[in-house]
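# Breakdown of the fold
Single-letter residue listing:
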Amino acid sequence: MVQTLTVLGLESSCDDTAAAIVRQTEGAKAEILSSIVHGQTELHSAYGGVVPEIAARAHAEKLDVCVIQALEKAGMALGDIDAIAVTAGPGLIGGVISGVMCAKGLSAATGLPLIGVNHLAGHALTPRLTDGIAFPYLMLLVSGGHCQYLIAHSPEDFTRLGGTIDDAPGEAFDKTARLLGLPQPGGPSVEAEAKSGDPKRFRFPRPLLDRPGCDLSFSGLKTALMRTRDQIVTEKGGLTRQDRADLCAGFQQAVVETLAEKTRRAIALYLEQDPDEPVIAVAGGVAANSAIRAALETVCGEFDARFTAPPLALCTDNAAMIAFAGLERFRSGARDGLDLMARPRWPLDQSSPAMLGSGKKGAKA
Ligand code: KG4
Ligand code: ZN
């Protein structure tokens, strides 16, 4: 029998509190009935990064509001829902606990099944939500907290081909902006400055290109930028607008070329799976960068592979992706109990070695 499922999703693993309702009839495209996101940028802006305790408290205050708004927007009551999906990790643990406890409360009160979702699976399954992409496809997650190449085989099965060994690219953009006195979030400010800059004036390192594989590193790039900035300040007494634009352009060019080359390597590994219609998807806030997007699209063209990027609102943290990932798990028979644990670290690919480091946006898993 063809089954239609309606799932409520909750997300609170970083600095966005979100609730959404997604419905899908088996074999058809999924529908987002509502997607509510309450960001916390203002709460953290004075501290230069996300403060975990402030984030957790704000999530606890906002989650029920988000659920009410998501139900209202969809014109539904809890009785119309089939299951409750919640991000159970990885992320800032206080926030993840807030979401898991809220979902458990709703599940206990209504008797609805509870489904714990890996936040990274939420991002990685988004191309199926938005474009109905078939498995296996290659996914590049690039955000302020994540950076990894994944082959998605099924809702529960991912192979991590490589990822950052230190900073995520978004973090590197944010730090660059801070070093140059540009506003946060750094990505859009650095991209805007780079437009009037000369990418060839400063040659920054292309980290790990000399090593085989798809691992990435961005912390050395930030240090190189800081040294160059200090050298200019020592020599000239300060930075001109053009210096700043050239520094941004040089930095962005290094990120673009590194991601392009690592993506070539990841695609070559993915094509070994012999997919019928090769698809490379990108998600995460950094996917908003037009130079990066253009470079990835060109690389996909070299391999005759389709390139897809979800709309920005679904690239960045949201609960529609959690509801959809929960729906896919639910359909395949997965259920969690009230003993569901919140996990600060939770690698998608359990067989690959743990990633190092924990950025300002929590564990990179
Ligand atoms: O996915 P996201 O909203 O949050 C998580 O990190 O989970 O990504 C935010 C990151 C920030 O570091 C921001 O600076 C970066 O994405 N970003 C960009 C651009 N827009 C946002 N980075 C480069 N270029 C952009 N245009
Ligand atoms: Zn995320």
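Thresholds applied
- Every chain is numbered independently, its residues counted from 1 as its sequence is written.
- Here every chain gets a letter starting at A, and every ligand a number starting at 1, in the order they are written.
- Given that this is a predicted model, residues contribute local features only at a pLDDT of at least 70 and side-chain atom pairs are listed and counted only at 80 or more, while totals for whole chains, interfaces and linings are drawn from all residues.
- Based on all heavy atoms of the structure, the side-chain values leave hydrogens and waters out of the count.
- The nearness test applies per residue and asks whether one of its heavy atoms lies within 4 Å of the molecule or strand.
- Contacts described as polar in this section are N or O atom pairs within 3.5 Å, which, within protein, must combine one atom able to donate a hydrogen with one able to accept it, while residues neighboring in sequence count only if both atoms come from side chains.
- Here the accessible surface of atoms and residues is derived via Shrake-Rupley with a 1.4 Å probe, and residues count as covered only by protein chains that are part of the display.
- Under the scheme used here, helices are H or I runs from DSSP no shorter than 4 residues and strands are E runs no shorter than 2 residues, and both carry numbers assigned from the N terminus.
- Nonpolar residues are Ala, Val, Leu, Ile, Met, Phe, Trp, Tyr, Cys and Pro. Charged residues are Asp, Glu, Lys and Arg, and all others, Gly as well, are polar.
- By definition, pLDDT measures how confident the predictor is in each residue, and it falls between 0 and 100.
- Here, two residues are considered to be in contact whenever any of their heavy atoms come within 4.5 Å of each other.
- The angle between two axes is taken between their N-to-C directions and runs from 0 to 180 degrees, where each axis is a line fitted to C-alpha atoms and a helix contributes only its stretch in contact.
- Roughly parallel covers angles under 35 degrees, roughly antiparallel covers those over 145, roughly perpendicular covers 65 to 115, and oblique covers all other angles.
- The donor set comprises N, O and S atoms within 2.8 Å of the metal, extended to 3.2 Å for Na, K and Ca; water molecules are omitted, so apparent gaps in a site may simply reflect that omission.
- Tetrahedral means four donors with every angle between 85 and 135 degrees, whereas square planar (four donors) and octahedral (six donors) require angles over 155 degrees between opposite donors and between 65 and 115 for all others; sites fitting neither are termed irregular.
- Categorising residues by exposure relies on relative accessible area from a 1.4 Å probe, with only protein chains included: less than 20% of the type maximum marks a residue as buried, more than 50% marks it as exposed, and the intermediate range marks it as partly exposed.
- Any two strands between which DSSP finds at least two bridges are classified as paired.
- Domain segmentation is taken from an automatic or database assignment of domains.
- Throughout, buried area stands for the accessible area (probe radius 1.4 Å) lost by two parts on being put together, summed over both.
- A pairing counts as a salt bridge when a side-chain nitrogen of Lys or Arg comes within 4 Å of a carboxyl oxygen of Asp or Glu.

With respect to spatial proximity, 19 residues lie near ligand 1, and among them G144, D174, G187, E191 and G285 are the closest. Here an oxygen atom of ligand 1 sits 2.6 Å away from a polar atom, N or O, in the side chain of D174. Here E191 contributes a side-chain N or O atom positioned 2.8 Å from a nitrogen atom of ligand 1. Burial of ligand 1 by the protein chains amounts to 90% of its free accessible area of 550 Å². Residue contributions to the shell around ligand 1 peak at four residues, all from helix α6 (residues 186–194). In the shell around ligand 1, the residues fall into five nonpolar, ten polar and four charged.

With that settled, the discussion passes to the confidence of the model for the chain. Within the chain, residue pLDDT values average 92, and 96% of them lie at 70 or more. No element of the chain has a lower mean pLDDT than strand β11 (residues 358–359), at 44, and none a higher one than strand β1 (residues 4–11), at 98. Here residues 356–365 is modelled with pLDDT under 50, and outside its nearest four sequence neighbours on either side it reaches 36 contacts, counting other chains as well.

It is the contact of helix α4 (residues 119–131) with helix α11 (residues 320–331), at a shortest axis distance of 8 Å, that shows an interaxial angle of 85 degrees. As judged from the angle between their axes, α4 and α11 are roughly perpendicular. Along its contact with α4, which presents H119, A121, G122, H123, L125, T126, R128 and L129, the element α11 presents A320, M321, I322, F324, A325 and E328.

The protein atoms that coordinate the zinc ion (ligand 2) are H119 (NE2), H123 (NE2), H146 (NE2) and D317 (OD), at distances of 2.1 to 2.5 Å. For the zinc ion (ligand 2), the four donor atoms are set out with angles of 87 to 163 degrees between them, so the coordination reads as irregular. Of note, the zinc ion (ligand 2) draws all its donor residues from one chain, in the sequence arrangement H-x3-H-x22-H-x170-D. With H119 in helix α4 and H146 in the loop between β6 (137–142) and β7 (147–154), this residue pair connects regions lying 27 residues apart in the sequence. Of the residues examined, H146 reaches a relative accessible area of 9% and is grouped as buried.

Let us now look at the pairing of strand β3 (residues 31–39). In the sheet, strand β2 (residues 16–25) pairs with β3 via eight bridges, with the strands oriented antiparallel. The residue bridging I21 from the neighbouring strand is S34, located in β3. In this antiparallel pair of consecutive strands, β2 and β3, the connection spans five residues, and G27 shows a positive phi of 85 degrees.

To continue, consider the domain arrangement of the chain. Under the domain assignment, the chain is made up of domain 1 (4–129 + 317–363) and domain 2 (135–313). Domain 1 and domain 2 are separated by 26 Å when their C-alpha centres are compared. Contacts between domain 1 and domain 2 engage 24 residues on the former and 24 residues on the latter. Both sides together, the interface formed by domain 1 and domain 2 hides about 2,100 Å², and carbon and sulfur atoms give 61% of it. There are one salt bridge connecting domain 1 and domain 2. Put simply, R329 and E156 hold a salt bridge, and the shortest N to O gap is 3.0 Å. Across the domain 1-domain 2 interface, the total number found is four residue pairs in polar contact (both at pLDDT 80 or more). For the side of domain 1 that touches domain 2, the secondary-structure elements that each account for two or more residues are α4 and α11. Ranked by residue count, the leading element in the side of domain 1 that touches domain 2 is α4, at nine residues. Residues of the side of domain 1 that touches domain 2, tallied by class, amount to ten nonpolar, eight polar and six charged.

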